[in-house]
Amino acid sequence: MLRVATDVGGTFTDFVVWDEVHRQIDFHKVLTTPRDFAQGVSRGMEDLNAAEFSSFVHGTTVVINALTERKGAVTGLITTKGFRDVIEIGRGNRPDLFNLQYQKPRPYVPRYLRYEVTERMDYRGRELRQLSTPELEIAVERLRRDGVTALAVSFLHSFKNPRHELEAKAIIHEIWPEVSVTLSSQLTQEWREYERTYTAVLNAFISPVAAGYLDQLSIQLTAGGMDTQRFFVMQSNGGVMSVERAREAAINLVESGPVAGIHGAEVIGRKIGEPNLIGLDVGGTTAKCSLIYGGIKSITTDYKIHWSDRSAGYPIKVPVVDIVEIGA
């Protein structure tokens with residue numbers, strides 16, 4: 001059987017094919033189709049006769065592009081009473097310390113789309129206040145009226161006890177079945193309210209975009225004769241995940257595109273006896289590099305997008321291979 005892996009770049013969509021029987025490797029390349037990335041992928045799979053493949057692994061930049069261009073869903077935030085402004089207050093570690101004109105990064109959710117509800121867990125996960133169903137229902141109705149299409153729910157200390165978040169999701173889907181809902185506790189079970197809340201917000205923002213792309217690609221691959229049960233997506237930590245999980249936790253694909261190249265550099269380094277090296281990938285739109293030390297790539301959960309010496313950026317608290325990225 002054959003296995004295929006593909007990466008959609010700024011210029012080309014590349015394919016690598018591994019023949020497990022004859023232990024041979026082959027390559028294929030088609031032009032990227034920016035208006036519909038799925039078209040280029042499915043065209044390449046048609047060239048390769050997709051029905052013969054035992055597995056298909058896909059790296060994509062759809063998530064990071066949607067975040068960078070702010071072309072995601074209209075997102076609302078529901079949080080614990082008193083914590084509406086967590087994503088705007090952020091941290092005090094502003095990078096450009098002596099710049100009197102410094103401005104904090106603009107939140108992905110404006111203040112009028114952020115709602116507080118009464119509920120409270122303590123730091124051990126013990127319930128202090130029950131979730132107020134009437135307040136939640138009012139918040140959901142107002143967010144629907146304001147044109148929101150995706151919701152993030154982040155309650156205090158839900159990483160210790162997610163019960164209130166799970167209750168909130170059930171209530172939201174009773175009122176509004178079609179809305180996309182992200183729970184902070186389903187993405188990360190670590191402390192730090194600001195980072196955890198922003199991770200949920202960014203996941204909500206890009207989930208409909210990622211889900212639409214993956215669904216469209218699945219349809220086109222199925223039309224080409226491929227069993228999409230064998231379809232996996234590259235995660236930012238160097239592993240893979242199913243399409244079903246990727247639709248729910250799309251923020252894990254934020255560095256899905258470049259991370260495979262860094263993983264490849266790590267493997268090649270071991271093969272040639274060079275455990276310490278820098279992996280560099282210059283593509284059609286961005287240049288990426290990452291440090292490999294002691295034969296192991298660096299993975300962090302303190303990742304930020306749009307961070308620079310002038311901007312604090314936006315935190316994403318999921319495992320990501322530590323990559324520095326600039327426009328090519």
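Along each chain, residue indices are assigned from 1 in the same order as the chain's sequence is written. For this predicted model, a pLDDT threshold of at least 70 governs which residues receive local features, and a threshold of 80 or more governs which side-chain atom pairs are given and counted, while totals over whole chains, interfaces and linings are taken from all residues. Processing note: side-chain calculations cover all non-hydrogen atoms of the structure and skip hydrogens and water entirely.

**Details of the overall build of the protein chain**
Okay, step 1: Each helix is a run of DSSP H or I of at least 4 residues and each strand a run of E of at least 2, with the numbering of both proceeding from the N terminus. Within the protein chain, the regular secondary structure consists of eight helices and 20 strands.
Okay, step 2: The globule rule used for comparison is 2.2 Å times the number of residues to the exponent 0.38, while the radius of gyration itself is calculated over C-alpha atoms. The globule rule puts the C-alpha radius of gyration for 328 residues at 20 Å, and the 21 Å found for the protein chain is close to it.
Okay, step 3: Along the first, second and third principal axes, the C-alpha set of the protein chain runs to 65 × 50 × 35 Å.
Okay, step 4: For the protein chain, with 328 residues in total, the buried portion stands at 47%.
Okay, step 5: Carbon and sulfur atoms provide 53% of the accessible area of the protein chain, an area that totals close to 16,300 Å².
Okay, step 6: The positive count covers Lys and Arg only, the negative count covers Asp and Glu only, and His and the chain ends enter neither. Charged side chains are reduced to one point each, which is NZ for Lys, CZ for Arg, CG for Asp and CD for Glu. Between the mean site of the 37 positive side-chain charges and the mean site of the 40 negative ones, the protein chain shows a separation of 6 Å. With a 1.4 Å probe rolled over the protein chains alone, any residue whose accessible area is under 20% of its type maximum counts as buried; one over 50% counts as exposed, and the rest are partly exposed. All accessible areas in this document rest on Shrake-Rupley with a 1.4 Å probe, and a residue is counted as covered only by the protein chains that are shown.

**So, the nonpolar core**
Okay, step 1: Take the buried Ala, Val, Leu, Ile, Met, Phe, Trp, Tyr and Cys residues and link them wherever side-chain atoms come within 4.5 Å; each set so joined is a nonpolar core. Leu67, Ile78 and Ile305 are the most contacted members of the largest nonpolar core, which totals 78 residues.
Okay, step 2: For this core, the element with the most residues is helix H6 (residues 193-223), which contributes 13 residues.
Okay, step 3: Contact definition: two residues touch when any of their heavy atoms are within 4.5 Å. Isoleucine 78 has contacts with Tyr115, Val117, Leu136, Val140, Leu143, Leu151, Ala152, Val153, Ser154, Phe155 and Ile172, leaving out every residue within four places of it along the chain.
Okay, step 4: The next biggest cluster of nonpolar side chains, apart from the first, holds seven residues, and it includes Met234, Ile262, Ala265 and Ile292.

**A word on the sheet that holds strand E5 (residues 75-80)**
Okay, step 1: In this description, strands pair whenever DSSP reports at least two bridges between them. Overall, parallel pairing links the four strands, which are arranged E6-E5-E9-E10 in an open sheet. Sheet topology places strand E6 (114-117) and strand E10 (180-183) at the edges, where each strand pairs with a single neighbour. Taken over all neighbouring pairs, the strand axes of this sheet differ in orientation by 20° on average, direction set aside.
Okay, step 2: When E5 meets strand E9 (residues 150-154), the two strands line up parallel, connected through five bridges. By the bridge assignment, threonine 75 is partnered in E9 with alanine 150.
Okay, step 3: Axis definition: a line fit to C-alpha positions, over the contact stretch in the case of helices; interaxial angles, taken between N-to-C directions, run 0 to 180 degrees. Helix H4 (residues 133-145) contacts E5, E6 and E9 of the sheet and is inclined by roughly 170° relative to E6.
Okay, step 4: Lying on the sheet, H6 is in contact with E5, E9 and E10; it crosses E9 at an angle near 165°.

**Observations concerning the packing of aromatic side chains**
Okay, step 1: Each aromatic pair joins two rings of Phe, Tyr and Trp (for Trp, the six-membered one) with centres within 6.5 Å, and gets the label stacked for planes under 30 degrees apart, edge-to-face for over 60, and tilted for any other angle. Using the criterion set out here, one finds six aromatic pairs in the structure.
Okay, step 2: Summarising the aromatic geometry, the rings of tyrosine 108 and phenylalanine 205 are spaced 5.0 Å apart at their centres and angled 80° between planes, so their arrangement reads as edge-to-face. Placement of tyrosine 108 in the loop between helix H3 (86-89) and E6 and of phenylalanine 205 in helix H6 is noted, with a sequence separation of 97 residues between them.
Okay, step 3: Take tyrosine 108: its relative accessible area is 6%, and that puts it in the buried class.
Okay, step 4: An aromatic cluster of at least three residues, connected via ring pairs, comprises Tyr108, Tyr194, Tyr198, Phe205 and Tyr314.
Okay, step 5: In this structure, arginine 70 packs its charged tip against the face of tyrosine 108, placed 4.0 Å from the ring centre. Think of it as a cone above the ring: NZ of Lys or CZ of Arg counts as a charge over the ring if it is within 6 Å of the ring centre and within 35 degrees of the ring normal.

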